[in-house]
Amino acid sequence: MQKWSREEIEEFINDKKTGLLYLYTPLCGTCQVAGKMLMIIKELISDLSIGKSDLNYISDIADQWEVESVPCLIIFKEGRLYEKLYAFHSVPNLLEKIKKTI
């Protein structure tokens, strides 16, 4: 899972791609666990585009998307915000949710 800059996020959306954007903050302990879960998801679905971004650097975009807290997983379908997930629960639960959506 690679860090995406503001420009990379905008390019992803403008290119109407489908994938995930993981928003976190470095000092959030729950975010650390969620990040590890997403690394496992990336191994299981290798062709899925997954990026991550520190919310502190894109707070204006997060406001636009009405992000309520971190960790937050944003699911994009064809460049449009489809869904926001805040509760990751477990890898199997997250995997099922992603597969249903994408």
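Scroll up for the structure.
Computed from a predicted structure; not experimentally measured.

Participant: Would you mind showing me how to read the nonpolar core here?
Facilitator: As a rule of thumb, soluble globular proteins bury nonpolar side chains together. Among the nonpolar cores identified, the biggest contains 20 residues, and Tyr22, Ile41, Leu73, Phe88, Leu94 and Ile98 are the most heavily contacted of them. When contributions to this core are tallied by element, the ones reaching two or more residues are strand E2 (19–24), helix H2 (29–44), strand E4 (72–77) and helix H4 (91–101). Among the elements that make up this core, the one with the highest residue count is H2 (five residues). Ignoring any residue separated from it by four or fewer positions in sequence, one finds Phe88 in contact with Tyr22, Ala34, Met37, Leu38, Pro71, Cys72, Leu73, Asn93 and Leu94. Ile9, Leu21, Ile58 and Val67 belong to the second-largest nonpolar core, a separate cluster that totals 14 residues.

Participant: Help me understand the pairing of strand E5 (residues 80–85), please; the structure alone is not making it clear to me.
Facilitator: Taken residue by residue, a regular strand's side chains alternate between the two faces of the sheet. Across five bridges, the pairing between E4 and E5 is antiparallel. Within E5, the residue paired with Ile74 across the bridge is Lys84. Following E4, the chain reverses through two residues before pairing antiparallel with E5; Glu78 in that reversal takes a positive phi of roughly 50 degrees.

The rules behind these values
- Residues numbered from 1 in each chain as written.
- Predicted model: local features only at pLDDT ≥ 70, side-chain atom pairs only at ≥ 80, totals over all residues.
- Heavy atoms only, no water.
- Core = buried A, V, L, I, M, F, W, Y, C linked by side-chain atoms within 4.5 Å.
- Buried < 20%, exposed > 50% of the residue type's maximum accessible area, 1.4 Å probe, protein only.
- Helix = DSSP H or I, 4+ residues; strand = E, 2+ residues; numbered from the N terminus.
- Contact = heavy atoms within 4.5 Å.
- Pairing = 2+ DSSP bridges.

These figures capture arrangement, not role.
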